Amino acid sequence: MSEKRTFGPDLARLTDAADQSFTVRRAFGEAYEHDGQLVIPVARVRGGVGTGSGGGAGPASHATDEASEVPDEASGEGGGGGGGYGLRVTPLGVYVVGATGTRWQPALDLNKVILGGQIVGIVIALATGWAIGRRR
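Figured I'd write up the structure that's included with this text. The structure displayed is predicted, hence computed values, not measured ones. (Residues numbered from 1 in each chain as written. Predicted model: local features only at pLDDT ≥ 70, side-chain atom pairs only at ≥ 80, totals over all residues. Heavy atoms only, no water.)

**A short note on unusual backbone geometry**
The backbone of Asp35 shows a phi angle near 55 degrees, a positive value even though the residue is not glycine. Within the secondary structure, Asp35 sits in the loop between β1 (32–34) and β2 (37–57). (Helix = DSSP H or I, 4+ residues; strand = E, 2+ residues; numbered from the N terminus.)

Here it is, written out as structure tokens:
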């Protein structure tokens, strides 16, 4: 008789990988000096971790496959597991520390600028269509 195996994610490996990713270095990049000022990059970090496993037993059939006359082993026990994590890092800007003090320089999110322009364009197109329709 075969021994019962358990299937599941390697939680220690998953935790180590996530731990290396979810660090303060992701939010605050390595500081560097530029023109006599200290520059500290800042980002927003979001993430999540998930795991799962399952198993089950099929019918305890010892029927044979008619073509090969071999017992059907596919109807035994089975199981599996897995896990993963996701990470999203969004740059926000930099702190610039100099002789005159500290100031915040926000990052330009070009995707938001483009989306805003598209929304304005759609609103103008709808308003123009509505105005032309009312004139008729």
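**Brief notes about the pairing of β2**
It is a general feature of regular strands that their side chains alternate between the two faces of the sheet. Looking at chain direction, β1 and β2 are connected through 3 bridges and run antiparallel. Considered in β2, the bridge of His34 is made with Gln37. Pairing of β2 with strand β3 (residues 77–98) involves 20 bridges; the strand directions are antiparallel. Bridge assignment links Pro41 to a residue of β3, and that residue is Val94. (Pairing = 2+ DSSP bridges.)

**Focus on a positive patch on the surface**
Taken together, Arg44, Arg46, Arg88 and Lys112 make up a surface patch of like positive charges. Looking at where Arg88 falls in the secondary structure, it is placed in strand β3. (Patch = residues over 30% accessible without salt bridge, like charges linked within 9 Å, V, L, I, M, F, W, Y side chains within 5 Å. Areas by Shrake-Rupley, 256 points an atom, 1.4 Å probe, with all protein chains shown as cover. Salt bridge = Lys/Arg side-chain N within 4 Å of Asp/Glu carboxyl O. Lys, Arg positive; Asp, Glu negative; His and termini not counted. Charge placed at Lys NZ, Arg CZ, Asp CG, Glu CD.)

**A look at the sheet that holds β2**
Neighbouring strands of a sheet are bound in pairs by backbone hydrogen bonds; such pairs are parallel or else antiparallel. The sheet built from 4 strands is open, its strands ordered β1-β2-β3-β4 with antiparallel pairing. Single-partner strands in this sheet number two, and they are β1 and β4 (101–106). Between one strand and the next, the sheet's axes are offset by a mean angle of 30 degrees, whatever the strand orientation. (Axes fitted to C-alpha atoms, helices over the stretch in contact; angles between N-to-C directions.)

**Quick notes on the pairing of β4**
Alignment of β3 against β4, held across 6 bridges, turns out to be antiparallel. Each residue of the ladder has a partner; that of Gly93, found in β4, is Pro106.

Nothing here speaks to function; it is geometry throughout.
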